[in-house]
Amino acid sequence: GKWGNRLFGNPVAYYLGVISYSIYLWHPILRDIPARAAMILQGKGYAGFDLVFVAIALISPIVVSHFSYHWIEVKGRDFIRHLTDRWTAKVAQKA
């Protein structure tokens, strides 16, 4: 319906869907690093940085996933497609 189109039909939601596998792969690592850093700082008496670490934990997977998608997934897919096309052409020549 109308609300579904507004929620899922916008470019931000679409792009998050495109990079969602990268987000899935990166988020555990990029969530745990700020969480552990926050625990260490709290153990040493520093407080009030929770919001900063939450922001880092939410934003960093999206940023890293953007680059991971474009530099690894897209280039890897194109390379595999290139190899497949070459192999298919060789098989077609032999036939």
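Residues numbered from 1 in each chain as written. Predicted model: local features only at pLDDT ≥ 70, side-chain atom pairs only at ≥ 80, totals over all residues. Heavy atoms only, no water.

Draft legend 1. View of helix H4 (residues 50-94). Over its 45 residues, H4 runs 64 Å from end to end, which matches the ideal 66 Å to within 8%, given 1.5 Å per residue. By the largest-angle criterion, Tyr69 marks the main kink of H4, which is about 35°. Taken as a whole, H4 has its buried residues at Phe53, Ala57, Ser60, Pro61, Ser65, Ser68, Tyr69 and Val74. Elements that come into contact with the buried residues of H4 comprise helix H2 (11-18) and helix H3 (20-43). (Helix = DSSP H or I, 4+ residues; strand = E, 2+ residues; numbered from the N terminus. Expected span 1.5 Å × (residues − 1). Bend = angle between axes of the 7 residues up to and from the residue. Buried < 20%, exposed > 50% of the residue type's maximum accessible area, 1.4 Å probe, protein only. Contact = heavy atoms within 4.5 Å.)

Draft legend 2. Representation of the packing of aromatic side chains within the structure. By the definition in use, this model includes two aromatic pairs. A ring pair is formed by Phe67 and Trp71, whose centres lie 5.0 Å apart and whose planes are at 45°; its orientation type is tilted. Of this pair, Phe67 and Trp71 both sit in helix H4, four residues apart, roughly one helical turn. Here Phe67 falls in the partly exposed class, since its relative accessible area comes to 36%. Positioned above the aromatic ring of Trp3, the side-chain terminus of Arg6 is 5.0 Å from the ring centre. (Phe/Tyr/Trp six-rings, centres within 6.5 Å; stacked < 30°, edge-to-face > 60°. Lys NZ or Arg CZ within 6 Å of the ring centre and 35° of its normal.)

Draft legend 3. Structural view of the packing of H3 against H4. The geometry of H3 relative to H4 is characterised by a closest axis approach of 8 Å and an angle of 150° between their N-to-C directions. The angle between the axes of H3 and H4 places the two elements in the roughly antiparallel class. The way H3 lies across H4 gives a crossing that is right-handed. Here Tyr21, Ser22, Ile23, Trp26, His27, Leu30, Arg31, Pro34, Ala37, Ala38, Leu41 and Gln42 of H3 come into contact with H4, specifically with Asp50, Phe53, Ile56, Ala57, Ser60, Pro61, Ile62, Val64, Ser65, Ser68, Tyr69 and Glu73. Grouping the constituent residues of the contact of H3 with H4 by class yields 15 nonpolar, six polar and three charged. (Axes fitted to C-alpha atoms, helices over the stretch in contact; angles between N-to-C directions. Parallel < 35°, antiparallel > 145°, perpendicular 65-115°, else oblique. Left-handed = near helix turned anticlockwise from the far one by under 90°. Nonpolar A, V, L, I, M, F, W, Y, C, P; charged D, E, K, R; others polar.)

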